[in-house]
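Spelled out, the chains give:
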Amino acid sequence: MAIQLYDFWRSNAAFRVRVALELKRMPFEAIEIDLLAGRQFDPAYAEVNPELVVPTLVHNGDRFSQSLAIIEYLDHLQPDPRLIPLDPRERAYAQSLALVSIADSHPLTAPRVRKHLGAAFDADAATVEAWCRTWTSEGLAAYERLLAKRPAAPFALGAAPTIADICIAGQIVLAELYDAKLTPFPNVIALGEQCFGLAAFAEAHPYRQRGYAIQH
Ligand SMILES: N[C@@H](CCC(=O)N[C@@H](CS)C(=O)NCC(=O)O)C(=O)O
């Protein structure tokens, strides 16, 4: 089963897919698209993903984008462990947690947004960092309130990690990248310890990627 992943060490959306592939023990070839160097705008990559973002997953010649859709496809290919539950209520809950980061918080800190803040509003690097810290912290605060309502046991939906944990772990990674404080969010910290205690999460962390080692 040949899988390629257009990937970048710093990409939070790619992190989600890396964790899913690791949890499912599905080998893949990573192809780096250096977002910091603007390689997502290369015409060759526009052919691969017309949205000009990573990740893109290629399986047997078919291309898939959007981390949530990719993970649903991986659940179809390799249902064990399932990352998006089949039970309708649990499925809705898992996806509602996932979308706090995927749809509401993380997009506000994407490279295209950071670039636009500088180009259109003269925001300097420190202002852009502060912007990213604010929206990352807002996402973490939402997760903290949600986890207080339904405590993790030990993962968000129970015994095993799902898409919800992947996205909350991704939000923790964003906090590291933007130096956002985690201390106000004890439920998030506890869940993060469970997640990054697993090799699949630890291996997928941005700082463990080859591209990070090369650029630092
Ligand atoms: N909702 C998308 C997010 C895709 C996305 O925005 N990816 C970022 C990296 S995390 C990207 O490639 N951004 C390029 C840019 O903003 O120019 C997903 O979950 O896959």
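Residues numbered from 1 in each chain as written. Predicted model: local features only at pLDDT ≥ 70, side-chain atom pairs only at ≥ 80, totals over all residues. Heavy atoms only, no water.

Let's talk about the site of the ligand
Among the 18 residues in the neighbourhood of the ligand, the closest are listed as Q40, V54, Q66, S67 and R112. A distance of 2.9 Å is found between an oxygen atom of the ligand and a side-chain nitrogen or oxygen belonging to R16. Protein burial of the ligand: of its 520 Å² of free accessible surface, 94% is covered by the chains. Put simply, the parts of the chain that give the shell around the ligand at least two residues each are α1 (12–23) and α5 (111–121). Classifying every residue of the shell around the ligand gives ten nonpolar, six polar and two charged. (Near = heavy atom within 4 Å. Polar contact = N/O pair within 3.5 Å; in protein donor to acceptor, adjacent residues only side chain to side chain. Areas by Shrake-Rupley, 256 points an atom, 1.4 Å probe, with all protein chains shown as cover. Helix = DSSP H or I, 4+ residues; strand = E, 2+ residues; numbered from the N terminus. Nonpolar A, V, L, I, M, F, W, Y, C, P; charged D, E, K, R; others polar.)

Observations concerning the nonpolar core
Membership of the largest hydrophobic core comes to 54 residues, with the highest contact counts inside it found for L21, L57, L74, I163, V188 and F201. Contributing elements (two or more residues each) for this core: β1 (3–7), α1, α3 (67–77), α4 (88–105), α6 (125–149), α7 (163–178), α8 (186–196) and α9 (199–204). Considering every element that reaches this core, the biggest residue donor is α7, with twelve residues. Taken domain by domain, this core gets at least three of its residues from each of domain 1 (3–82) and domain 2 (88–202). Each residue touching L57, except ones within four places of it in the same chain, is listed here: I3, Q4, L5, V17, L21, D62, R63, F64, I70, Y73 and L74. Among the nonpolar cores identified, the runner-up in size contains nine residues, and F8, I33, L35 and V48 belong to it. (Core = buried A, V, L, I, M, F, W, Y, C linked by side-chain atoms within 4.5 Å. Buried < 20%, exposed > 50% of the residue type's maximum accessible area, 1.4 Å probe, protein only. Domains from an automatic or database assignment. Contact = heavy atoms within 4.5 Å.)

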